[in-house]
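The chain contents come next:
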Amino acid sequence: MAVPRHVAIIMDGNGRWAKKRMLPRIAGHRKGIEAARNVTRAAGDLGIEVLTLYAFSTENWRRPAEEVNDLMGLLRHFIQTDIEELAQNGVRLRIIGNYKALAPDLVALIDGAIERTAQNSRTTLVIALNYGSQAELVSVMRDVAQRARDGNLDPATIDEAMIDNLLDTHDLPPPDLLIRTSGEQRLSNFMLWQLAYAELLFVDTLWPDFGVQSLADAVADYGARERRFGGL
Ligand code: IPE
Ligand code: IPE
Ligand code: MG
């Protein structure tokens, strides 16, 4: 059965998971990190080459400052505690999104982790951080317009491959399977270009409850689908 090379996940439902238990939202986020850890471990075993996790969107800045701080703190903690295991398990860390705009100490931590795992090749873990697909595309368009204005680019030569090459994901295959948890059925500004032909899977499971078996089930669901890419 076909295994998706690249699985992208919109990890949603941490807040509702906590609310159901009358816990603060951060408890849901904490549990969500555990789910991310388990799913990352399982991805390699299932033969998934690239796992992308949507961790913080450009729109998530609209949340109360306290929650944003909590999320950044958890991320900082995750990188500190997990980088060693990731590195040992052949995981290469990549970031998409404007993470350079985050706190300088966090940026340094992330850059260190990227460097530390750069030679690994078993699984690529892509964390989408301060990521918004529209912002990513705007930056591509600016780049292309600037080159044309400078006389270095003939607009007639702009094609899909050129745009692909300018995206944050330029060195990654496009997602084969997109999973969104928590029952919401929307993309929330995630990989609008890259998901052009992805298979979409919406599950009701709240992200903190999404385990290794949930990922295996999703991969099996994908394997039973017929992809056509516009052909027959
Ligand atoms: C997903 O869980 C985590 C992030 C967006 C960072 P939510 O925090 O969106 O949880 P709900 O949607 O409120 O349940
Ligand atoms: C999408 O979830 C962003 C991440 C998972 C990081 P949200 O919970 O922020 O999405 P909306 O606001 O419900 O669309
Ligand atoms: Mg949500």
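Residues numbered from 1 in each chain as written. Chains lettered and ligands numbered in written order. Predicted model: local features only at pLDDT ≥ 70, side-chain atom pairs only at ≥ 80, totals over all residues. Heavy atoms only, no water.

Novice: Explanation requested: the nonpolar core in the structure shown.
Specialist: Looking at soluble globular proteins, one finds that nonpolar side chains tend to be buried together. Ile-9, Leu-51, Leu-125, Leu-129, Ile-179 and Trp-207 are the most contacted members of the largest nonpolar core, which has 44 residues in total. The leading source of residues in this core is helix α3 (residues 65-88), at 9 residues. Every residue in contact with Trp-207, bar those within four places of it in the chain, is listed here: Ile-9, Met-11, Asp-12, Gly-13, Asn-14, Gly-32, Ala-35, Ala-36, Val-39 and Thr-181. Of all hydrophobic cores here, the second largest spans 14 residues; its members include Ile-10, Val-50, Val-126 and Ala-128. (Core = buried A, V, L, I, M, F, W, Y, C linked by side-chain atoms within 4.5 Å. Buried < 20%, exposed > 50% of the residue type's maximum accessible area, 1.4 Å probe, protein only. Helix = DSSP H or I, 4+ residues; strand = E, 2+ residues; numbered from the N terminus. Contact = heavy atoms within 4.5 Å.)

Novice: So what exactly am I meant to see when it comes to the site of ligand 1 here?
Specialist: As a matter of local geometry, ligand 1 sits amid 13 residues, with Asp-12, Gly-15, Arg-16, Arg-25 and Arg-63 nearest to it. A distance of 2.8 Å separates an oxygen atom of ligand 1 from a polar side-chain atom of Arg-25. Here ligand 1, which alone exposes 380 Å², has 86% of that area covered by the protein. Of all the elements in the fold, those that place two or more residues in the shell around ligand 1 are α1 (14-20), α2 (25-46) and α3. Along the lines of polarity and charge, the residues of the shell around ligand 1 split into 3 nonpolar, 5 polar and 5 charged. (Near = heavy atom within 4 Å. Polar contact = N/O pair within 3.5 Å; in protein donor to acceptor, adjacent residues only side chain to side chain. Areas by Shrake-Rupley, 256 points an atom, 1.4 Å probe, with all protein chains shown as cover. Nonpolar A, V, L, I, M, F, W, Y, C, P; charged D, E, K, R; others polar.)

Novice: How should I be thinking about the site of ligand 2 in this particular structure?
Specialist: Lining the immediate surroundings of ligand 2 are Ile-10, Met-11, Asp-12, Tyr-54, Ala-55, Phe-56, Ser-57, Asn-60, Arg-63, Arg-180, Arg-186 and Ser-188. Between ligand 2 and Asn-60, the relevant distance is 2.9 Å, taken from an oxygen atom to a side-chain nitrogen or oxygen of the residue. Within the contact set of ligand 2, an oxygen atom lies 3.2 Å away from a side-chain nitrogen or oxygen of Arg-63. Relative to its unbound accessible surface of 390 Å², ligand 2 loses 77% to contact with the protein. Of all the elements, strand β2 (residues 50-57) adds the most residues to the shell around ligand 2, at 4 residues. Partitioned by chemical class, the residues of the shell around ligand 2 number 5 nonpolar, 3 polar and 4 charged.

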